[in-house]
Amino acid sequence: MIIFSASKILKFSTKSQRLYTSSTPNFIDLLQLSIESQSLKYTKQLHSQIIHLGLDQDSIIATNLISSYIACQNPVDSQLVFDTFKHKSLYLWNILINGYAKNKFFGQSIKLFNQMCRSEVTPDEFTISGIVKILGELRDIVSGKIVHGKCVRNGVVLDTVVANSFMSLYSKCGVFQDSLKVFDEMPQRNISSFNVVISGYTGEKERVLDDKLWDFVKDMQIEGWKFDAFTVSTLLSLCGEVKKYWHYGKELHCYIVKTGLESDFVVCSDVHLGCCLIDMYSKSFKVELARRVFDRLKHKNVFAWTAMINGYVLNGNFDEALVLFKDMQVEGVEPNKVSLISILPACCSFDRLKGGKQIHAFSTRRGLNHEVSFCNALIDMYSKSGSVRCARRVFEFHCVTKDAISWSSMISAYSLHGNGRGAIILYEEVIQNGIKPDMITVVGVLSACARSGLVDEGIRIYDSAVNDYDLEPTLEMCACIVDMLGKAGQFDRALDFIKSMPVKPGPSIWGALVNASAIHGNSEVQNLAYRFLIQMEPENPSNYVSLSNLYASSQRWDVVARVRTMMKDKGLKKFPGCSWISINTETHSFYVADKSHPCSVVIYEMLDQLILAMKRDDSCIGFEDTVKVYE
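Note that the structure is predicted; figures quoted are calculated from it, not measured.

**Student:** Mind showing me how you'd approach helix 30 (residues 475–487) here?
**Tutor:** Given 3.6 residues per turn, any residue in an α-helix points the same way as the ones three and four places further on. The terminal C-alpha atoms of helix 30 lie 18 Å apart, and with 13 residues this matches the ideal 18 Å at 1.5 Å per residue to within 8%. Of all 13 residues that make up helix 30, 10 are buried, and the element is covered over most of its length. Each element contacted by the buried residues of helix 30 is listed here: helix 28 (439–452), helix 29 (455–467), helix 31 (491–500) and helix 32 (507–520). In the stretch just after helix 30, Gly489 is the one whose phi turns positive, near 80 degrees.

And the structure:
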């Protein structure tokens with residue numbers, strides 16, 4: 001192809017028309033350049049010259065002109081070119097139908113397809129596969145079956161590409177069994193056929209199909225089909241989501257190395273498989289293996305760095321995530337919106353608030369601070385870091401376009417800080433703005449009511465959500481009501497609510513009642529709740545320890561002995577509690593009765609001084625002495 005410089009394009013309108021009349025290919029090359037540059041201005045200038053010279057009925061020029069308008073995201077002008085062309089070929093119809101689809105004008109694509117069917121031009125396999133993909137995007141199963149029936153009568157469905165399109169349509173529309181039926185009836189298959197079925201299996205909500213998927217994969221290998229990068233990446237995503245299949249992920253990793261697919265993410269710039277492996281190992285809590293994959297990548301792009309940062313965050317290794325985020329910028333890789341959203345959870349604590357503010361400032365300089373998903377992550381980070389004022393500022397001034405998550409995040413921020421009134425006011429704003437509250441929003445405001453003791457308001461909101469907005473009561477919503485009534489000391493009302501709940505009480509329900517009864521010292525209700533917890537979670541050692549402590553406080557040592565014996569017979573051990581604090585970017589962890597810290601002697605001396613200070617009447621003197629010990 002002839003390459004034209006930018007200066008030549010800028011001057012082409014002033015040149016002699018002989019440049020364009022000398023030969024048609026000059027226009028074709030210029031149109032190709034307009035397609036590559038996606039310049040609507042130059043496309044229109046070329047279009048005017050083509051009309052002026054009477055070349056608008058040239059099929060090659062018309063085809064490139066339509067493609068140029070489509071590349072400029074202006075399918076309306078493509079339609080004008082198409083309408084003025086007298087002899088419309090099948091190729092011309094296909095270009096415009098798919099052009100509308102590329103620009104998300106699915107309705108226009110379907111309308112044009114219907115016009116084509118009424119014309120003298122017969123749709124081919126390319127046309128059918130394109131229109132079926134559009135119906136899949138629209139989830140239009142009825143129209144899809146009509147097209148499928150016509151294709152069966154005409155024999156078009158025998159084409160492999162068309163059959164793959166119908167399989168994808170049925171999977172997207174939730175009728176996966178019809179997709180399998182098409183697969184079984186295919187006379188010829190390619191690797192894409194198997195990939196569509198695998199994608200359909202992984203997209204199904206019923207996890208009972210997972211075992212059938214692996215049987216399908218084994219049969220695929222027995223038939224001699226080799227996985228491609230798409231097959232492996234799809235299967236790796238399932239291995240990450242379902243923990244019991246992570247060993248299959250290891251086998252897929254071996255397959256990648258053995259078959260040479262590893263070269264896609266070790267030698268080439270394409271690191272898609274590498275990112276999939278990092279994600280799979282991270283979600284399987286094998287972050288050290290994910291890091292090993294990351295270190296082997298020779299060409300790390302922003303997606304690889306983001307995948308590894310997100311892996312550390314998922315596994316709670318916040319310090320490592322922050323270090324990697326800094327290394328990423330040192331290496332000259334510019335973080336994108338997803339990178340910033342991934343790193344923000346690592347700053348959700350008071351001691352890391354400064355780092356969160358720096359990320360916020362970085363996003364402002366890059367113009368990303370108004371992205372709704374990033375604003376939602378900022379609200380969550382600020383609220384969990386103790387700065388609800390900053391969270392509100394982001395909500396009010398930065399979050400220009402608020403979605404349901406924005407409102408829920410801000411309501412949850414008020415709930416976390418015990419501002420029940422603020423959460424209720426914001427919830428009422430949601431209603432006034434015509435937004436139907438979802439389960440997360442309702443749980444957030446109910447939790448705020450429970451923390452603030454706003455019983456009547458909480459009951460009113462719960463009843464309104466169930467009766468006025470047809471929300472199905474969930475365990476989370478019911479647990480908030482039980483927690484709210486229990487903290488208010490209304491145990492009889494809480495027990496009546498549990499009996500009348502439309503959902504079966506779970507551990508969260510009885511756990512809420514345990515906490516509330518402990519606050520009010522109601523050992524009878526606490527004992528009842530613990531017994532239900534032990535029945536539901538027989539392998540949770542914390543329930544046995546807490547019940548044992550409850551009986552010990554009442555000096556019922558015989559029952560304490562029985563509970564301890566039950567734990568011993570079941571082989572249950574409670575792991576010691578752990579707390580940590582970050583000082584100067586270094587995290588210090590402490591277990592119960594832990595003396596492994598190098599400063600443990602000084603720490604325990606300080607604790608002794610604090611205990612004495614709290615027992616003395618003159619606590620100020622004790623505190624001054626404590627400060628001296630600390631210094």
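**Student:** Sorry, what's going on with unusual backbone geometry here?
**Tutor:** Note: most peptide bonds trans; most residues except glycine with negative phi. In this model, Lys104 sits at a positive phi of 70 degrees, which is unusual for a non-glycine residue. A relative accessible area of 60% means that Lys104 is categorised as exposed. Backbone geometry at Arg139 places phi at a positive 55 degrees, although glycine is not the residue there. Among the secondary structure elements, Arg139 is positioned in the loop between helix 9 (125–138) and helix 10 (141–154). The partly exposed category is assigned to Arg139, whose relative accessible area is 46%.

**Student:** Can you help me understand the environment of Ala413 in this one?
**Tutor:** Checked against the element boundaries, Ala413 lands in helix 26 (residues 404–416). Ala413 gets classed as buried once you look at its relative accessible area, which sits at 0%. Residues Ala413 and Gly444, spaced 31 residues apart in sequence, show a C-alpha to C-alpha distance of 8.5 Å. If near-sequence neighbours (up to four positions away) are discounted, Ala413 is found in contact with Ser383 and Val388.

**Student:** Can you help me understand the layout of surface pockets in this one?
**Tutor:** By volume, the largest pocket amounts to about 620 Å³. Forming the boundary of the largest pocket are 31 residues, of which Lys133, Asn164, Ser168, Lys172 and Val196 lie nearest the centre. For the lining of the largest pocket, the elements supplying multiple residues, two or more each, are helix 7 (90–102), helix 9, helix 11 (160–172) and helix 13 (191–203). If one sorts the elements of the lining of the largest pocket by residue count, helix 9 sits on top with 8 residues.

**Student:** Explain empty space enclosed by the protein to me, please; I cannot follow it from the model alone.
**Tutor:** Here the idea is plain: a probe the size of a water molecule rolls over the atoms and shows the empty space left. Throughout the structure, instances matching the rule amount to 1 cavity of 30 Å³ or more. Approximately 30 Å³ is the volume found for the largest cavity. Lining the largest cavity are Ala404, Trp407, Val430, Ile435, Lys436, Pro437, Asp438 and Thr441. A class-by-class count of the residues in the lining of the largest cavity yields 5 nonpolar, 1 polar and 2 charged.

**Student:** What exactly am I supposed to notice about a negative patch on the surface here?
**Tutor:** A cluster of acidic residues, Asp211, Asp215, Asp219 and Glu223, forms a negative patch at the surface. As for its position among the elements, Asp219 is in helix 14 (residues 210–222).

**Student:** Where do I start with a nonpolar patch on the surface in this structure?
**Tutor:** A cluster of nonpolar side chains, contributed by Leu528, Phe532 and Met536, occupies part of the molecular surface with about 220 Å² of accessible area. With respect to the helices, strands and loops of the structure, Phe532 is situated in helix 33 (residues 523–536). Note on Phe532: relative accessible area 30%, which makes it partly exposed.

**Student:** Help me out: how do you make sense of the confidence of the model for the protein chain in this one?
**Tutor:** In low-pLDDT regions, the fine details of the predicted coordinates are not to be read closely. Per-residue confidence for the protein chain averages 83 on the pLDDT scale, and 85% of its residues sit at or above 70. Model confidence for the protein chain, summarised as mean pLDDT per element, is weakest for helix 37 (residues 619–630) at 38 and strongest for helix 20 (residues 302–314) at 95. Low pLDDT (under 50) marks residues 264–270, which in the prediction has 21 contacts with non-local residues, meaning those over four places away or in another chain.

**Student:** What am I meant to see in the packing of helix 7 against helix 9 here?
**Tutor:** Here helix 7 crosses helix 9 at 15 degrees, and the two axes come no closer than 10 Å. Classified by the angle between their axes, helix 7 and helix 9 sit roughly parallel to one another. In this structure, helix 7 meets helix 9 at a crossing whose hand is left-handed. Here helix 7 contributes Leu90, Asn94, Ile97, Asn98 and Ala101 to the contact with helix 9, which in turn contributes Phe126, Thr127, Gly130, Ile131 and Ile134. For the contact of helix 7 with helix 9, the residue count by class is 6 nonpolar, 4 polar and no charged.

Rules used in this analysis
- Residues numbered from 1 in each chain as written.
- Predicted model: local features only at pLDDT ≥ 70, side-chain atom pairs only at ≥ 80, totals over all residues.
- Heavy atoms only, no water.
- Helix = DSSP H or I, 4+ residues; strand = E, 2+ residues; numbered from the N terminus.
- Expected span 1.5 Å × (residues − 1).
- Buried < 20%, exposed > 50% of the residue type's maximum accessible area, 1.4 Å probe, protein only.
- Contact = heavy atoms within 4.5 Å.
- 1 Å grid on protein atoms, 1.4 Å probe; cavity = no way out; pocket = protein on both sides within 12 Å on 5 of 7 lines; lining within 4 Å.
- Points joined across faces, edges and corners; volume = space filled by probe spheres on them.
- Nonpolar A, V, L, I, M, F, W, Y, C, P; charged D, E, K, R; others polar.
- Patch = residues over 30% accessible without salt bridge, like charges linked within 9 Å, V, L, I, M, F, W, Y side chains within 5 Å.
- Areas by Shrake-Rupley, 256 points an atom, 1.4 Å probe, with all protein chains shown as cover.
- Salt bridge = Lys/Arg side-chain N within 4 Å of Asp/Glu carboxyl O.
- Lys, Arg positive; Asp, Glu negative; His and termini not counted.
- Charge placed at Lys NZ, Arg CZ, Asp CG, Glu CD.
- pLDDT = per-residue confidence, 0-100.
- Axes fitted to C-alpha atoms, helices over the stretch in contact; angles between N-to-C directions.
- Parallel < 35°, antiparallel > 145°, perpendicular 65-115°, else oblique.
- Left-handed = near helix turned anticlockwise from the far one by under 90°.

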